[in-house]
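For reference, the chains in residue letters:
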Amino acid sequence: TLTRSQSSLEEIVHARTVQLRQLSSRLMALQDEERRRIARELHDSVGQYLAGIQMNLHALQRENMNAPEAQQVRVKDMLSMTRLCLAEIRTISYLLHPPLLEEIGLASAISWYVDGFSERSGIKVQLEIPKSIGRFPEEMENGLFRVVQQSLSNIHRHSGSQVAKIRIRVAEGRLSAEICDEGRGIPAEILKGFDDGTRLVGVGMAGMRERIRDLGGLFSVRSGANGTTIEVRLPLPRNAKAKQSELAVRILPVAS
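Given the structure is predicted, the values throughout are model-derived calculations rather than measurements.

Rules of the game
- Residues numbered from 1 in each chain as written.
- Predicted model: local features only at pLDDT ≥ 70, side-chain atom pairs only at ≥ 80, totals over all residues.
- Heavy atoms only, no water.
- Axes fitted to C-alpha atoms, helices over the stretch in contact; angles between N-to-C directions.
- Helix = DSSP H or I, 4+ residues; strand = E, 2+ residues; numbered from the N terminus.
- Parallel < 35°, antiparallel > 145°, perpendicular 65-115°, else oblique.
- Contact = heavy atoms within 4.5 Å.
- Nonpolar A, V, L, I, M, F, W, Y, C, P; charged D, E, K, R; others polar.
- Buried < 20%, exposed > 50% of the residue type's maximum accessible area, 1.4 Å probe, protein only.
- Pairing = 2+ DSSP bridges.
- Right-handed = clockwise from strand over helix to strand, strands pointing away.
- Salt bridge = Lys/Arg side-chain N within 4 Å of Asp/Glu carboxyl O.

A. Representation of the packing of helix H1 (residues 2-63) against helix H7 (residues 203-214). Where H1 meets H7, the closest approach of the two axes is 10 Å, and the angle between their N-to-C directions is 100°. By the angle class used here, H1 and H7 are roughly perpendicular. Across from Arg 21, Ser 24, Ser 25, Met 28, Gln 31, Asp 32 and Arg 35 in H1, the residues of H7 making contact are Gly 207, Glu 210, Arg 211, Arg 213 and Asp 214. Here the contact of H1 with H7 is composed, by residue class, of one nonpolar, four polar and seven charged.

B. Up close: the pairing of strand E1 (residues 124-130). Across the seven residues of E1, five count as buried, placing the element largely inside the fold. Sheet topology places E1 next to strand E2 (residues 163-171); five bridges connect them, and they run parallel. If you follow Gln 126 over to E2, its bridge partner there is Lys 165. For the crossover from E1 across helix H5 (residues 138-159) to E2, the handedness is left-handed.

C. Seen up close, the pattern of salt bridges. Under the criterion given, the structure shown has 13 salt bridges. In this structure, the salt-bridge partner of Glu 102 is Arg 36, at a minimum N-O distance of 2.7 Å. One end of the pair, Glu 102, is in helix H3 (residues 99-103); the other, Arg 36, is in helix H1, and 66 residues separate them in sequence. A relative accessible area of 35% means that Glu 102 is categorised as partly exposed. What emerges from the salt-bridge pattern is a single network uniting Glu 33, Arg 36, Arg 40, Glu 102 and Glu 138.

Printed below as a string of structure tokens:
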């Protein structure tokens, strides 16, 4: 009786675990779609309104060259604020869902994001990625981009590292990525709890793992006194036409 009860409980737990993973995957897919929708609305609607305001202010400035100085200063200040607002809207839109990811592909989107991250954070980033890595299924490109995005965010917020390294490659029928830092690392007991599922390191880390699992890949974290490394391995579809070539190594300097 005890054996049957235990077996029944294990089946129930397994079924609930599968359901939770399916729910998590569905929620992340909906989140990505909502990010895409908001990004487009910000760019196509709010961004266009601000661009119109900016053009009108430029016209007003030209038409009032002989206006009192105080009035000219106010118009100049409004133009400056409009430019800053427009730049901020575009940045938020691209961070929510970079158009390069759909239009050109993973390599361009990651390069663009790393450029901006290095400039904003002051963290020196070394990016190694094939010059012509090719295109992959949309969900694979989006999943790996989000892992890179979240990993760099974690490095900036928690690690204390002033450097980061990203290596992406295609080999042996899979797409692999490593994101490394030289920060304070994750305590061994916390990392062990994350690996065996008994402890939640953070929503971002758990989300990355679920994204990769949902794509049939492997997600692992190694950490110690010399920093933390996140490794991702995704199996390539049989019809994927990713190209292998020499690595393009880019070291992004700390912003001045």
